[in-house]
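If you want the building blocks of each chain, they are given just below.
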Amino acid sequence: MNTLDCDVAVVGGGPAGSAAAITLARAGRDVVLVDKATFPRDKCCGDGLTTSALRHLEALGLRPDAVASWHPVASTFICSPSGRTVELPLPAGGDAGTFAAVARRADLDAALLDVARAAGVKVHDGHALAGATVPAGGECVHLAVDGLGTVRARYAIGADGMWSPLRKALLGGAGEPEGYLGEWHAFRQYLASGGPEAQRGLWVWFEEDLLPGYVWSFPLPDGRLNVGYGVQRGSKRAPEPLGKRMSQLWPQILARPHIRAVLGPDARPEAPHKAWPIPARVERTPLTAAGGRALFVGDAARATDPMTGEGIGQALESGVLAAEAVVGAGALQPWVAGRRYEQAVRRGLALDNRLAGLLSTHGVAHRKGIRLAVRLAGATGWTRRAFGRWLFEDEPRASLATPARWHRHFLRRPGAFRPD
Ligand SMILES: Cc1cc2nc3c(=O)[nH]c(=O)nc-3n(C[C@H](O)[C@H](O)[C@H](O)COP(=O)(O)OP(=O)(O)OC[C@H]3O[C@@H](n4cnc5c(N)ncnc54)[C@H](O)[C@@H]3O)c2cc1C
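So, here's what we can say about the structure. If you're wondering where the values come from, they're calculated on a predicted model, not measured in any experiment. (Residues numbered from 1 in each chain as written. Predicted model: local features only at pLDDT ≥ 70, side-chain atom pairs only at ≥ 80, totals over all residues. Heavy atoms only, no water.)

This brings us to the packing of aromatic side chains. In this structure the tally under the stated criterion is nine aromatic pairs. Residues Phe-77 and Trp-203 carry aromatic rings whose centres are separated by 4.3 Å and whose planes lie at 10 degrees to one another, so their mutual orientation is stacked. Here Trp-203 lies in strand 13 (residues 202-205) and Phe-77 lies in strand 5 (residues 75-79), a separation of 126 residues in the sequence. A single burial state applies to Phe-77 and to Trp-203, both of which are buried. Chaining the aromatic ring pairs together yields one cluster made of Phe-206, Tyr-214, Trp-216 and Phe-218. In this arrangement the basic side chain of Arg-104 is found over the ring face of Tyr-190, its NZ or CZ atom lying 4.1 Å from the centre. The ring of Phe-296 carries the charged tip of Arg-167 above its face, separated from the ring centre by 4.7 Å. (Phe/Tyr/Trp six-rings, centres within 6.5 Å; stacked < 30°, edge-to-face > 60°. Helix = DSSP H or I, 4+ residues; strand = E, 2+ residues; numbered from the N terminus. Buried < 20%, exposed > 50% of the residue type's maximum accessible area, 1.4 Å probe, protein only. Lys NZ or Arg CZ within 6 Å of the ring centre and 35° of its normal.)

In terms of burial, strand 12 (residues 184-192) is a largely internal element, nine of the nine residues being buried. Of the two faces of strand 12, both are covered, the one formed by Trp-184, Ala-186, Arg-188, Tyr-190 and Ala-192 as well as the one formed by His-185, Phe-187, Gln-189 and Leu-191. Pairing of strand 12 with strand 15 (residues 225-232), which is carried by eight bridges, proceeds in the antiparallel orientation. Bridge assignment links Leu-191 to a residue of strand 15, and that residue is Leu-225. Pairing geometry for strand 12 and strand 17 (residues 274-278), over five bridges, is antiparallel. (Pairing = 2+ DSSP bridges.)

A contiguous nonpolar patch, built from Trp-163, Leu-181 and Trp-276 and spanning about 270 Å² of accessible area, is present on the exposed surface. Here Trp-163 lies in the loop between strand 11 (149-158) and helix 4 (165-171). Judged by its relative accessible area of 35%, Trp-163 falls in the partly exposed class. (Patch = residues over 30% accessible without salt bridge, like charges linked within 9 Å, V, L, I, M, F, W, Y side chains within 5 Å. Areas by Shrake-Rupley, 256 points an atom, 1.4 Å probe, with all protein chains shown as cover. Salt bridge = Lys/Arg side-chain N within 4 Å of Asp/Glu carboxyl O.)

Let's shift gears to the nonpolar core. Counting residues in hydrophobic clusters, the biggest one holds 79 residues, and the most contacted among them are Leu-49, Leu-57, Leu-62, Trp-70, Leu-143 and Tyr-341. Once residues within four sequence positions are removed from consideration, Leu-143 is found in contact with Ala-9, Val-11, Leu-129, Gly-131, Ala-132, Gly-149, Thr-150, Val-151, Ala-156 and Leu-166. Core analysis: the second largest hydrophobic core is formed by 25 residues, Val-73, Ile-78, Trp-216 and Ala-377 among them. (Core = buried A, V, L, I, M, F, W, Y, C linked by side-chain atoms within 4.5 Å. Contact = heavy atoms within 4.5 Å.)

In this section: the site of the ligand. As a matter of local geometry, the ligand sits amid 38 residues, with Asp-35, Gly-46, Leu-129, Asp-299 and Gly-311 nearest to it. Between Ala-16 and the ligand, the recorded distance is 3.0 Å, taken from a backbone N or O atom to an oxygen atom. Arg-105 places a side-chain nitrogen or oxygen 2.8 Å from an oxygen atom of the ligand. Elements with a minimum of two residues in the shell around the ligand: helix 1 (15-26), strand 12, strand 14 (214-219), strand 17 and helix 8 (312-329). Here the residues of the shell around the ligand sort into 19 nonpolar, 10 polar and nine charged. (Near = heavy atom within 4 Å. Polar contact = N/O pair within 3.5 Å; in protein donor to acceptor, adjacent residues only side chain to side chain. Nonpolar A, V, L, I, M, F, W, Y, C, P; charged D, E, K, R; others polar.)

Shown next, in the form of structure tokens:
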């Protein structure tokens, strides 16, 4: 069998893996990226991009015109269990830039992987990681990759998603509850022929029987919609077996009159529905293994937001942070890279997620809490605009808990991809 040598091996070519690989390659590292899927590949997701995700994508060099289904959005509609709907407009027009967008993951992830290839990353898609070891002496990581042989690397980055085979190979189940299945479970289906209301923006329904979960409808080009719902595992409204229960409930959710009124009478499924877990416990998860030679990012680091379930921005951010830690450690011992990465996550993402977890438990988990939030958000034109940005820009939301990061321009920063 072949042996492939490189500075850093990245396992997984989703947003976390591509972000890490691009950052490393641009810093002059020799990077091999493997993914078991052949791209373009689907990923069960709502396809919604927050302002933070968009800013990272722009900085990584992604061009929206390379993503066929790219669809900027300028409004969000949030609906409380009592039926109140509030429109939260995001800045639009002129040189405001983009604050929210929707793009099919099949298109987005393939385009980002192309950016990685152009940066010099050796991408081997269609090749799965089968095992990983750190030989005695601990000077490198050996990855067994189907159809490729052994990849021998100074560092390995685990960007291989919720079930992270790299994490399993190096850590087993260490640091996670037994039989861990994620904090949320979410369900998605693409619909065709969505009505004009659904095309107006991102729709989020807080349904009483799903709290703190919610139903969404996100618009895509050509009248298509990404529609789905997520529930918190372990909450009293989410009895096991969760996957089966969610499938049973799905047709009923699509038929609820207030949801159907937005989706439109002609909206129809265009592909089977899919479900997937969402891991949201970055602050309680080991982020490194093998003395810092392996670093976990994105869903493999359990980095999604515990309140909204969004994880693309967090995947991009953690991928960049891990790459920067490796580059910053240079020729020093790998534990230096590991520690730098852990500290960077602790200072930002982990704090943000702790706050989002608190908001989720004490705010949106209850009918009264969500009703109050929707009422406050819709009080005036200013609250509608400010709440929209607060919801979409992770930084101002997180700054509630981290006054050290307060600055005067929170709600004044432009969006991403501003016209030249
Ligand atoms: C239904 C649903 C809706 C969601 N909606 C949103 C949303 O609207 N907005 C948002 O921001 N987030 C959303 N999320 C969360 C988001 O999808 C994830 O947080 C994000 O995809 C994480 O990116 P990642 O790169 O870490 O992992 P992934 O995108 O999962 O990529 C992991 C990669 O690893 C590869 N891999 C796995 N095993 C192996 C192996 N053995 N060898 C090699 N490669 C392997 C996979 O093929 C995959 O390409 C949603 C999640 C779900 C389930």
